[in-house]
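# Observations on the model geometry
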Amino acid sequence: MLAGATPLLAQDDQVRLALDRLVAAYPDAFAGHDAKVLRWRDGTVMPVSAGAESTTFAERLRHASIVDQFRIAYPRGPLAKPPAVDTDPGRFRNAAFFTKMYGDCKKGEVAAHLVSVTWLPKTLRNKARGQSIRVTSVNHVDAHLRAVSAEIDALPDKIKRAAYPIAGTYKCRAVADTGQPSTHGYGIAIDLNTAYSDYWYWRPHSGRIVYRNRMPQEIVAIFEKHGFIWGGKWYHFDTMHFEYRPELLVTQ
Ligand SMILES: [Zn+2]
């Protein structure tokens, strides 16, 4: 039977397209790729897959290859319905890839690139808690976050209220349910106001997870416009969480 031939070819095309997007999304980092490796500008070469691919959701959460990062497409724009079971676009992350890109926070390598961003300067100007937050300058994440801040600052207060005070940005820690490095440890993630947020892990989750969200779409759209994905598009939702992942937002 030749049943496997066509899907395999389609899969190769999808891998090529995904890697094209990756190289395009991080022009400072990558020189190019072929079907098997990703080439960094400093000469580092990384395999795009581990050979024997992980097969289950739980394995991919812990041991994702670079290709796995694209295995679930990120749906840009308003969600039509809650994410399907185990549909967590962006949560498969290859640790070697992110550590190479942003550094190992346990060795102080991430802190060396952190810079301050004043969050919502117009809104918080007269408030004692006017927030200075720290994110990485690698890939100009700080500049992208300043652009996000300026646009949210201009929203009506009843909408932007969900965006302050910030719960956190840089923190060298692991993800609660996987033990893998958190994107907060790379300086590319931001958690908004917890009072307007929902996190699957804080709710009863022994059976099927029931989706809940109070984060305004206006805020989500601004983050996506500037290269940040939203944790509210995950079955394992984390609606305060945004992280810089422009490769998942590149449109054709
Ligand atoms: Zn977070």
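Everything here concerns the structure above.
These numbers were taken from a predicted model, which means no experiment stands behind them. Residue positions are given per chain, counted from 1 along the sequence in the order it is written. It should be noted that, the model being predicted, local features are given only for residues of pLDDT at least 70 and side-chain atom pairs only at 80 or more, the latter also being counted only at that level, while totals for whole chains, interfaces and linings use all residues. Working from all heavy atoms in the structure, the side-chain values ignore hydrogens and water.

### Re the side chain of His-184
By the element assignment, His-184 lies in the loop between α5 (157–160) and β6 (189–191). Since its relative accessible area comes to 2%, His-184 is described here as buried. Within the local environment of His-184, its side chain forms a polar contact with the side chain of His-241, the two groups lying 3.2 Å apart. Two residues qualify as a contact provided that any one of their heavy atoms is within 4.5 Å of a heavy atom in the partner residue. Residues within four places of His-184 in sequence aside, it is in contact with Gly-168, Thr-169, Tyr-170, Lys-171, Arg-173, Ala-189, Ile-190, Asp-191 and His-241. In this text, helices come from DSSP runs of H or I with a minimum length of four residues, and strands from runs of E with a minimum of two, each type numbered from the N-terminal end. Think of it in three bands: residues with accessible area under 20% of the maximum for their type are buried, residues over 50% are exposed, and the middle band is partly exposed, with areas taken using a 1.4 Å probe on protein chains only. For this analysis, a polar contact is any N or O atom pair within 3.5 Å, provided that within protein one partner can donate a hydrogen and the other can accept it, and provided that sequence-adjacent residues contribute only side-chain to side-chain pairs.

### Things to note about the side chain of Asp-238
Tracing the sequence through the fold places Asp-238 in the loop between β7 (228–230) and β8 (241–244). Setting aside its immediate chain neighbours within four residues, Asp-238 contacts Asp-198, Tyr-199, Gly-231 and Gly-232.

### A closer look at the coordination of the zinc ion
Sites may look incomplete because water is not among the atoms; the donors themselves are N, O and S atoms within 2.8 Å of the metal, or within 3.2 Å for Na, K and Ca. Looking at the metal site, the zinc ion is ligated by His-184 (NE2), Asp-191 (OD) and His-241 (ND1), spaced 2.0 to 2.1 Å from it. One chain supplies every donor for the zinc ion, spaced along it as H-x6-D-x49-H. Here His-184, found in the loop between α5 and β6, pairs with His-241, found in strand β8; they are 57 residues apart in sequence, far enough to count as distant. Assigned by exposure class, His-184 and His-241 land together as buried.

### Quick word on the nonpolar core
Among soluble globular proteins, nonpolar side chains are generally buried collectively. Formed by 54 residues in total, the largest nonpolar core has its most connected members in Trp-119, Ile-219 and Phe-223. Examining the composition of this core, we find that five residues originate from one element, helix α1 (residues 5–25), more than from any other. In contact with Ile-219, other than residues within four places in its own chain, are Ile-152, Leu-155, Ile-159, Lys-160, Ala-162, Ala-163, Leu-192 and Phe-242. The definition of a nonpolar core used throughout is a set of buried Ala, Val, Leu, Ile, Met, Phe, Trp, Tyr and Cys residues joined through side-chain atoms within 4.5 Å.

### With respect to the packing of aromatic side chains
In this scheme Phe, Tyr and Trp rings, the latter by its six-membered ring, pair at centre separations within 6.5 Å, and the angle between planes marks the pair as stacked below 30 degrees, edge-to-face above 60, and tilted otherwise. Inspection of the entire model under this criterion finds 19 aromatic pairs. For the pair Phe-97 and Phe-98, a centre-to-centre distance of 5.0 Å together with 75 degrees between the ring planes defines the contact as edge-to-face. Taking the relative accessible area as the measure of exposure, Phe-97 reaches 0% and is therefore buried. Relative to Phe-228, the ring of Phe-223 has its centre 5.6 Å away and its plane inclined at 80 degrees; by these criteria the two rings are edge-to-face. Neither Phe-223 nor Phe-228 differs from the other in exposure class; each is buried. Put simply, a charge is over a ring when the Lys NZ or the Arg CZ is close to the ring centre, within 6 Å, and near the line of the ring normal, within 35 degrees. Looking at Arg-91, its charged tip hangs above the ring of Trp-234, at a distance of 5.8 Å from the centre. Sitting above the plane of the Trp-40 ring, Lys-100 keeps its charged end 5.5 Å from the centroid.

### Quick notes on the sheet that holds β7
The criterion for strand pairing is that DSSP finds at least two bridges linking the strands in question. The strand order across the open sheet built from three strands is β6-β8-β7, with neighbouring strands paired in antiparallel fashion. Each end of this open sheet is capped by a strand with a single partner; those strands are β6 and β7. For this sheet the average axis-to-axis angle between neighbouring strands, irrespective of direction, equals 25 degrees. Orientation is described by lines fitted to C-alpha atoms, with helices fitted over the stretch in contact, and by angles between N-to-C directions that extend from 0 to 180 degrees. Of the strands in this sheet, β6, β7 and β8 touch helix α4 (residues 141–153), which is tilted by about 60 degrees from β7.

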